[in-house]
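Observations on chain architecture
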Amino acid sequence: MKQKKKSDVAALLDYAGSHRGLTFLGLALSAAAMLLSMAPYICIWLAARDLIEVAPDWTAARSVTRYGWMAFATAVGGIVLYFAGLMCTHLAAFRTAANIRKRGVAHVMEAPLGWFDANASGLIRGRLDAAAADTETLLAHNLADIVGTITLFVAMLALMFVFDWRMGCACLLAAVVSILSMFAMMGGKNAQLMAEYQAAQDRMTKAGTEYVRGIPVVKIFQQTVWSFKAFQQAIEEYSAKAEHYQADVCRVPQSINLTFTEGAFVFLVPAALFLAPGALAAGSFAGFVTDFAFYAVFSAIISTALARIMFAASGMMLASTALGRISTVMDAPALTIPEHPRTPRDGRVEFEDVSFTYDGADRPALSHVSFTAEPGQTVALVGPSGGGKTTAASLIPRFWDVSSGAVRVGGVDVREVDPHVLMDQIAFVFQNSRLFKTSILENGRAAKPDASRDEVRAALMAAQCGDILEKLPQGMDTLIGTEGTYLSGGEQQRIALARAILKDAPIVVLDEATAFADPENEALIQKAFTKLTQGRTVIMIAHRLSTVVGADKILVLDEGRIVEEGTHKELAAAGGLYAKMWADYNQAVQWKIGSEKEAV
Ligand SMILES: Nc1ncnc2c1ncn2[C@@H]1O[C@H](COP(=O)(O)OP(=O)(O)OP(=O)(O)O)[C@@H](O)[C@H]1O
């Protein structure tokens, strides 16, 4: 059965949760405020009628003062109710926005880590923050305005019959024309145009961001004209859409809308001129004039209400786009949690006939991969770029779930292990490990929150970070990233390794990260690796073959398949892909040594 899409307001009220009642209270107060705001006009009309009836003996008009006070009281009451309503809708809006942020973050926490590859954390946060803020205006102001305006129209319909239905109709007609022209601008096929216009605006913003981000590269490669082209194209596309929308779609209905919004008298004055002779003949001209005065003043409220509806409509559109952006976060796939979790026996890692295809990819990143890493063994994954090394390593901590086959840790399918327990089993060191902008001590504690200072220090020393601690002004307590305490890539890598040592997990997944380190750092990182990997199962993604010579097993991955498997000695002698890679590697090393000698 096709599921009916929830309206934007219903979706927002879902997020409001227990504050939904506050929203309804706010809306009810706004409606009551709108009704009260009409009362002074009625009082003034009543007072004017009294005066005209007794003219020119003004002192005979006994109720004028009473009506005056009533007008004052209802005006004040209207203002008080309006503010009380706004307070409720604002409170509800802020709480709803907070709920959106909380639910978004909670949902994202359940997503597999691989999802963050395509959805950078800054982008997710920005998307949630901006979208939550965009919904605030709708809940805090626009909904109340819409409810208030609907109340006004219903009240107007009633008043039409109370005073003079013909002049009431004239006022209402202006409002109807104004609203119809508004729908013509925003509804039907123009809604699609509006969506295209907004999409063009989004593309322009993105292109602008890309342009600013790419300025360093642009400068290096002297690409100014070309790099500007995409941005310029996006601006031109946007301006063409904006011009088309404004000139061809909006001009006529907007002119009508403005005419009738600002000039609600358009029908009222001709109606009055048409009715005046009849009233004069019937001897009720005085009453007719007061009725006309009432509707003339009343038109002013209609103009204000219509202007509010215009803002409310654009607020609705903004909120609708915001909800779309929120759903891209809320639709993130959640990691399945086993109902009856099992506990891994030991640090054994096993791939059984594993295949995996990324979402949207047309070919598998891994095909029928099977291997075992016994506890304490080091298994190296090598092979050409794009062969599937990182993908294979990512499947162990469930960054992604396999498409077919099984990945087992300690004899248990990773999908049957509680994700927290699984994470406790694995220390993962990325190629570009991120450190938090806090002290080195706290960075270490990210792996083990209850670690003592001595434990963190011992891990840092094991990871060869002694020289880093010595040169920093406050040692372990130095905040990373503050003035003067920027660390090189190699130094950050060693602190990340200390973190992994502190985690003390039976399995270590290492994305070998010495490629960009200077020789001194590389030697220290290698030492830290040795400490980290002692007695653990190690799955190592190796980019430099020198680091895999001592591995217990080397798997050569090419186009997602294991094409060779064995020790360095066996593979180097086998004359296959590994032997070729090894020969190329040695040649590169010799070339490097040769060029260094020449330089001396
Ligand atoms: N997030 C992703 N979405 C879609 N395809 C991906 C994603 N990550 C990797 N791939 C594709 O999967 C294949 C395997 O990539 P993977 O990163 O595992 O290779 P690799 O052997 O680690 O490469 P490298 O040595 O360059 O790091 C490649 O074809 C790559 O383009």
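Values in this document were obtained by computation on a predicted structure and should not be read as measured data. (Residues numbered from 1 in each chain as written. Predicted model: local features only at pLDDT ≥ 70, side-chain atom pairs only at ≥ 80, totals over all residues.)

Here's the deal with the overall build of the protein
Note the following rule: Helix and strand assignments follow DSSP, with helices taken as H or I runs no shorter than four residues and strands as E runs no shorter than two, numbered in order from the N terminus. Partly exposed residues are those whose C-beta has more than 12 but fewer than 20 other C-beta atoms within 10 Å; with 20 or more the residue is buried, with 12 or fewer it is exposed, and the C-beta atoms are placed from the backbone. What counts as a contact is two residues whose backbone-derived C-beta atoms lie within 7 Å of each other.
Across its full length, the protein holds 20 helices and ten strands. Of all 600 residues assigned to the protein, the portion counted as buried reaches 33%. For the protein, the proportion of contacts with a sequence separation of at least 24, taken over those separated by at least 6, is 78%.

Considerations on the nonpolar core
Rules: Joined through C-beta atoms within 7 Å, a set of buried Ala, Val, Leu, Ile, Met, Phe, Trp, Tyr and Cys residues constitutes a nonpolar core.
Ranked by internal contacts, the top residues of the largest apolar core, which has 67 residues, are Leu-381, Ile-396 and Ile-539. Take this core: its biggest share by element is seven residues, from helix α17 (residues 489-503). With residues near it in sequence (within four places) discarded, Ile-539 still touches Val-349, Ala-373, Val-379, Leu-381, Ala-393, Ile-396 and Val-509. In terms of nonpolar packing, the next biggest core, distinct from the first, is built from 55 residues, Leu-27, Ala-132, Leu-152 and Ala-319 among them.

Remarks on the sheet that holds strand β8 (residues 537-541)
Rule in force here: At least two DSSP bridges between two strands are required for those strands to pair. Geometry is summarised by axes, namely lines fitted to C-alpha atoms with helices restricted to the contacting stretch, and by angles between N-to-C directions that run from 0 to 180 degrees.
Across the sheet, six strands lie side by side as β6-β7-β8-β3-β9-β10; this open sheet has mixed pairing. The open sheet has two free edges, formed respectively by β6 (426-429) and β10 (561-566), since each of these has just one partner strand. Each strand of the sheet is rotated relative to its neighbour by a mean of 15°, with strand direction disregarded. Pairing analysis gives four bridges linking strand β3 (residues 378-382) to β8, with the strands arranged parallel.

Describing the sheet that holds strand β4 (residues 404-409)
Backbone-to-backbone hydrogen bonds pair the strands of a sheet. The strands run either parallel or antiparallel. Ordered by their spatial adjacency, four strands build an open sheet running β2-β1-β4-β5, and the pairing between neighbours is antiparallel. Only two strands of the sheet have a single partner each, and these edge strands are β2 (366-373) and β5 (412-413).

Comments concerning unusual backbone geometry
Positive phi values are uncommon outside glycine, yet His-368 reaches one of about 50°. With respect to the helices, strands and loops of the structure, His-368 is situated in strand β2. In this structure, Asp-504 is a non-glycine residue whose phi angle is positive, near 55°. Locating Asp-504 in the fold gives a position in the loop between α17 and β7 (507-511). Taking the number of C-beta atoms within 10 Å as the measure of exposure, Asp-504 has 15 and is therefore partly exposed.

Description of the site of the ligand
Where we set the bar: Each residue receives a C-beta atom built from its backbone; the residue is near a molecule or strand if that atom lies within 6 Å of it. When residue character is reported, Ala, Val, Leu, Ile, Met, Phe, Trp, Tyr, Cys and Pro are called nonpolar, Asp, Glu, Lys and Arg charged, and the others, Gly included, polar.
Surrounding the ligand, one finds 13 residues, the nearest of these being Tyr-358, Ala-365, Ser-385, Thr-390 and Thr-391. When residues of the shell around the ligand are traced back to their parent elements, those giving at least two are α4 (115-118) and α12 (389-395). Ranked by the residues each element gives to the shell around the ligand, the list is headed by α12, at three residues. Each residue belonging to the shell around the ligand can be placed in one class, and the counts come to four nonpolar, seven polar and two charged.

Here's the deal with helix α1 (residues 8-16)
This is how the line gets drawn: The directions from the helix axis to the C-beta atoms are what the arc is built from.
Those residues of α1 not exposed but buried are Leu-12, Tyr-15 and Ala-16. The buried residues of α1 occupy an angular sector of 110° when the element is viewed end-on, so they sit on one face. In the segment just after α1, Gly-17 is the residue with positive phi, at about 55°.

Focus on the pairing of β10
The sheet contact formed by strand β9 (residues 553-558) and β10 spans five bridges and is antiparallel. Looking at β10, one finds that Leu-555 is bridged to Glu-565. As consecutive antiparallel partners, β9 and β10 are separated by two residues, and within that stretch Glu-559 has a phi angle of approximately 50°, a positive value.

Here we look at the packing of helix α15 (residues 453-462) against α17
The condition that has to hold: Each angle gets one of four labels, with under 35 degrees taken as roughly parallel, over 145 as roughly antiparallel, 65 to 115 as roughly perpendicular, and the rest as oblique. Rotating anticlockwise by less than a right angle from the far helix to the near helix defines a left-handed crossing, while the corresponding clockwise rotation defines a right-handed one.
Running from N to C, α15 and α17 point in directions that differ by 125°, and their axes come no closer than 8 Å. When the interaxial angle is binned, α15 and α17 end up oblique. Seen along the crossing, α15 lies across α17 with a hand that is right-handed. Of the residues in α17, those touching α15 at Glu-455, Val-456, Ala-459, Leu-460 and Ala-462 are Ala-498, Ile-501 and Leu-502.

A few points about the pairing of strand β1 (residues 349-356)
Pairing between β1 and β2: five bridges, direction antiparallel. From the neighbouring strand, Glu-350 faces β2, where its bridge partner is Thr-372. Direction of pairing for β1 relative to β4: antiparallel, over a ladder of five bridges. By the bridge assignment for β4, Glu-350 is matched with Arg-408.

With respect to the environment of Tyr-211
Examined against the element boundaries, Tyr-211 turns out to sit in helix α7 (residues 188-213). Exposure remark for Tyr-211: the 17 C-beta atoms within 10 Å place this residue in the partly exposed category. Placed 19 residues apart in sequence, Tyr-211 and Ala-230 show a C-alpha to C-alpha distance of 8.4 Å.

Considerations on the environment of Phe-294
Residue placement: Phe-294 occurs in helix α11 (residues 285-330). Overall, the presence of 23 C-beta atoms within 10 Å leaves Phe-294 in the buried class.

A look at helix α3 (residues 64-110)
Three or four residues apart is the spacing at which side chains of an α-helix point the same way, because the helix has 3.6 residues per turn. Defined as follows: A helix is expected to span 1.5 Å multiplied by its residue count minus one.
If you check α3, its first and last C-alpha atoms are 68 Å apart, about what 47 residues at 1.5 Å a residue would give, namely 69 Å. For α3, the complete set of buried residues consists of Tyr-67, Leu-81, Gly-85, Cys-88, Thr-89, Ala-92, Ala-93, Thr-96, Ala-97, Ile-100 and Gly-104.

Re the packing of helix α2 (residues 20-54) against α3
α3 packs onto α2 with a crossing angle of 165° between their chain directions and a minimal axis gap of 7 Å. The orientation of α2 relative to α3 falls into the category roughly antiparallel. At the point where α2 passes α3, the crossing takes the left-handed sense. Classifying every residue of the contact of α2 with α3 gives 24 nonpolar, ten polar and one charged.

Quick look at the confidence of the model for the protein
Keep this limit in mind: For every residue, the pLDDT score states the predictor's confidence, bounded by 0 at the bottom and 100 at the top.
Across the protein, the average pLDDT comes to 81, with 87% of residues at or above 70. Note on the complex model: pTM 0.63, ipTM 0.96.

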